[in-house]
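Read off the chains here:
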Amino acid sequence: MQRPTRRGFFASGAATTAGLLAPLRAIADSAKPVRIRNIDLFHIEIPTPKQEVAAGVMNRYPVAKVETDSGVRGYSFTGPSPQLLQPIRAALVGKDLFAIEQHLQAGLLDWGGLEHALWDAIGKIAGQPVSRLLGGAKSSLKVYVTCVWRGPDDQSHVPYKDQADMAVRIKKAGFHGMKIRAWRPNPLADADACGEIRAAVGPDFSIMFDRTAHLPGKVWDYSTALAVARALEKHGALWLEEPFSRDDFEGPARLAREVDILITGGEGYRGLDAYRECLTHDTYDILQPDGVNAGGLLTIRKVAALTEAFHKPCILHGAMGLRLAGWLQISAAFGAPWQELALITPPLLPEEQWAPALKVLNSKSVFSFQNGSIEVPQGPGLGLDVNEEALERYRVA
């Protein structure tokens, strides 16, 4: 009997594989691209009493609307600006809806909010939530709430007791943590606030602090950052966010080596390059891409893969209201350990602040909470059951 040759063996294997794949190829050959027929960008303003708006209730959103030649529409509520409509239409109208990677190269990386709307349409066509299309790791996410009080941005007018009382209110509502700004003129004053908050909520509630040091006058020198980090650590704070400039990849890494409190950041980067630098320099203990700034959901999925390779957590920078839909889908896709709800105006709780959004949805709640976690919508796309007539009714001319 003639022995099979090596070339013959592989040829027979290829023939067998081709036979197995033939039905799939037939399906693929019969599938027609879904084309983007039109894109619209506009704002909506939902009628809300003036006193509620003054108190921090959300009633205005930027809307991105994507129409396809299949009749399916996708929506997001997180930009981009209507002023960008002409170049966006020139780049995307007539193109294959599903070619997200191609669109990123054509400019979509700069229009992250629009990318959410494309994914909404893709999910609706597939009949699946976006989280499932991109990995589907979780159906709910543990929540922390970021609070910013009305008045001066540095929060120096807010008594420590008020911050502690809000933390108690958040804890009683079932949430697992609160983040506040570390912006007071005396850098150690926020650590004193942390001590009063900790005394009020006990040891099983997470307290985080955000310096957001890219803003003018917010960058600490190293000795100040070290003193603040150690003072926060003394009161059991979970992390200190962006204590240095965003282009400083060495300073946060050095600080993280000297303290036990986590040092975090990453909300201001777009694309993958800066995240690569953070990971190779060991800049942050946790990376925090923003759902829009980073470039959209697919780019965040790539960032999460990078962080996984370096054994680092990835926790998205926060959003709120209808904006949050895309954040939830991508956080669930890669299994984020936390979901930030931001920014909340005390003494409001998230559902109180978002209440007007119900007028543009065909549902009884914007998002559902269970035991301090937010449920990831399981409807197709981003999971928002949008009332299209209401969108047109509240559209800003």
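Residues numbered from 1 in each chain as written. Predicted model: local features only at pLDDT ≥ 70, side-chain atom pairs only at ≥ 80, totals over all residues. Heavy atoms only, no water.

Visitor: Requested: an account of the pairing of strand β3 (residues 73–76), with residues and values cited.
Guide: Bridge analysis of strand β2 (residues 60–68) against β3 gives 4 bridges, and the strand direction is antiparallel. Its bridge partner being in β3, Glu67 is matched across the sheet by Arg73. Connecting β2 to the antiparallel partner β3 that follows it, the hairpin turn spans 4 residues, and Gly71 within it adopts a positive phi of roughly 95 degrees. (Pairing = 2+ DSSP bridges. Helix = DSSP H or I, 4+ residues; strand = E, 2+ residues; numbered from the N terminus.)

Visitor: So, the side chain of Glu340: which residues are in play, and what are the values?
Guide: Within the element layout of this structure, Glu340 appears in strand β10 (residues 339–344). Side-chain polar atoms of Glu340 contact the side chain of Thr146, separated by 2.6 Å. There is a polar contact of 2.6 Å between the side chain of Glu340 and the backbone nitrogen of Gly318. Sequence-distant contacts of Glu340, that is, excluding residues within four places in its chain, are made with Tyr144, Thr146, Lys179, Leu316, His317, Gly318, Ala319 and Leu324. (Polar contact = N/O pair within 3.5 Å; in protein donor to acceptor, adjacent residues only side chain to side chain. Contact = heavy atoms within 4.5 Å.)

Visitor: I'd love a proper account of the pattern of salt bridges, names of residues and values included.
Guide: When the charged atoms of two side chains lie near each other, side chains of opposite charge can form a pair. For the structure shown, the criterion picks out 22 salt bridges. In this structure, Lys312 and Asp282 form a salt bridge, with 2.4 Å as the shortest nitrogen-oxygen distance. Pair noted here: Lys312 is in the loop between α12 (297–309) and α13 (324–334) and Asp282 is in the loop between α11 (273–281) and β9 (286–287), with a separation of 30 residues, a long-range link. Overall, the relative accessible area of 39% leaves Asp282 in the partly exposed class. When salt bridges with common partners are traced through the structure, they connect Asp40, Glu392 and Arg395 into a single cluster. (Salt bridge = Lys/Arg side-chain N within 4 Å of Asp/Glu carboxyl O. Buried < 20%, exposed > 50% of the residue type's maximum accessible area, 1.4 Å probe, protein only.)

Visitor: Which residues make up the sheet that holds β2, and what values do they have?
Guide: Overall, antiparallel pairing links the 3 strands, which are arranged β1-β2-β3 in an open sheet. The open sheet is flanked by β1 (36–45) and β3, the only strands paired with a single partner. Going from strand to strand, the sheet's axes swing by 20 degrees on average, the running direction of each strand aside. (Axes fitted to C-alpha atoms, helices over the stretch in contact; angles between N-to-C directions.)

Visitor: Which residues make up unusual backbone geometry, and what values do they have?
Guide: Cis peptide bonds are those with omega within 30 degrees of zero, and the linkage from Ala342 to Leu343 qualifies with -5 degrees. Along the chain, Leu343 turns up in strand β10. The omega torsion across Pro346 and Pro347 is 5 degrees, close enough to zero to call that bond cis. Even without being glycine, Glu242 reaches a positive phi, approximately 45 degrees. Of the residues examined, Glu242 reaches a relative accessible area of 1% and is grouped as buried.

Visitor: I'd like a description of the nonpolar core, backed by residues and values.
Guide: If you look at the biggest cluster of nonpolar residues, it comprises 115 residues, and the most contacted ones within it are Ile44, Phe77, Leu114 and Trp354. The greatest single-element share of this core, amounting to 8 residues, is contributed by α13. If we ignore the near neighbours within four places in the chain, the residues touching Phe77 are Ile44, Tyr61, Pro62, Val63, Leu322, Arg323, Leu384, Val386 and Leu391. (Core = buried A, V, L, I, M, F, W, Y, C linked by side-chain atoms within 4.5 Å.)

Visitor: An account of the layout of surface pockets is requested, with residue identities and associated values reported.
Guide: The calculated volume of the largest pocket comes to roughly 460 Å³. Looking at the largest pocket, it is lined by 24 residues, and the ones nearest its centre are Arg181, His317, Met320, Ala342 and Leu343. For the lining of the largest pocket, the secondary-structure elements that each account for two or more residues are β4 (140–147), β5 (177–181) and β10. Considered class by class, the residues forming the lining of the largest pocket number 10 nonpolar, 7 polar and 7 charged. (1 Å grid on protein atoms, 1.4 Å probe; cavity = no way out; pocket = protein on both sides within 12 Å on 5 of 7 lines; lining within 4 Å. Points joined across faces, edges and corners; volume = space filled by probe spheres on them. Nonpolar A, V, L, I, M, F, W, Y, C, P; charged D, E, K, R; others polar.)

Visitor: I'd love a proper account of the packing of aromatic side chains, names of residues and values included.
Guide: Under the definition given, this model contains 9 aromatic pairs. Of the aromatic side chains, those joined through ring pairs into one cluster are Phe175, Trp354, Phe367 and Phe369. Over the face of the ring belonging to Tyr394 we find Arg393, whose NZ or CZ atom lies 5.5 Å from the ring centre. Across the ring face of Phe42, the terminal group of Arg395 is positioned such that the distance to the ring centre comes to 4.0 Å. (Phe/Tyr/Trp six-rings, centres within 6.5 Å; stacked < 30°, edge-to-face > 60°. Lys NZ or Arg CZ within 6 Å of the ring centre and 35° of its normal.)

Visitor: Outline helix α8 (residues 189–201), listing residues and values.
Guide: An ideal rise of 1.5 Å per residue puts 18 Å on 13 residues; α8 measures up with 19 Å between its terminal C-alpha atoms. Among all positions in α8, only Ala189, Asp190, Ala191, Ala193, Cys194, Gly195, Ile197, Arg198 and Val201 are buried. After α8 finishes, the residue Gly202 shows a positive phi value of roughly 85 degrees. (Expected span 1.5 Å × (residues − 1).)

Visitor: Could you give an account of the pairing of β2, with specific residues and numbers?
Guide: For a regular strand, side chains alternate in direction, first toward one face of the sheet and then toward the other. By the criterion of burial, β2 is predominantly enclosed, with 8 of the 9 residues buried. With 9 bridges joining them, β1 and β2 adopt antiparallel strand pairing. Across the sheet, residue Phe42 finds its bridge partner in β2, namely Val63.

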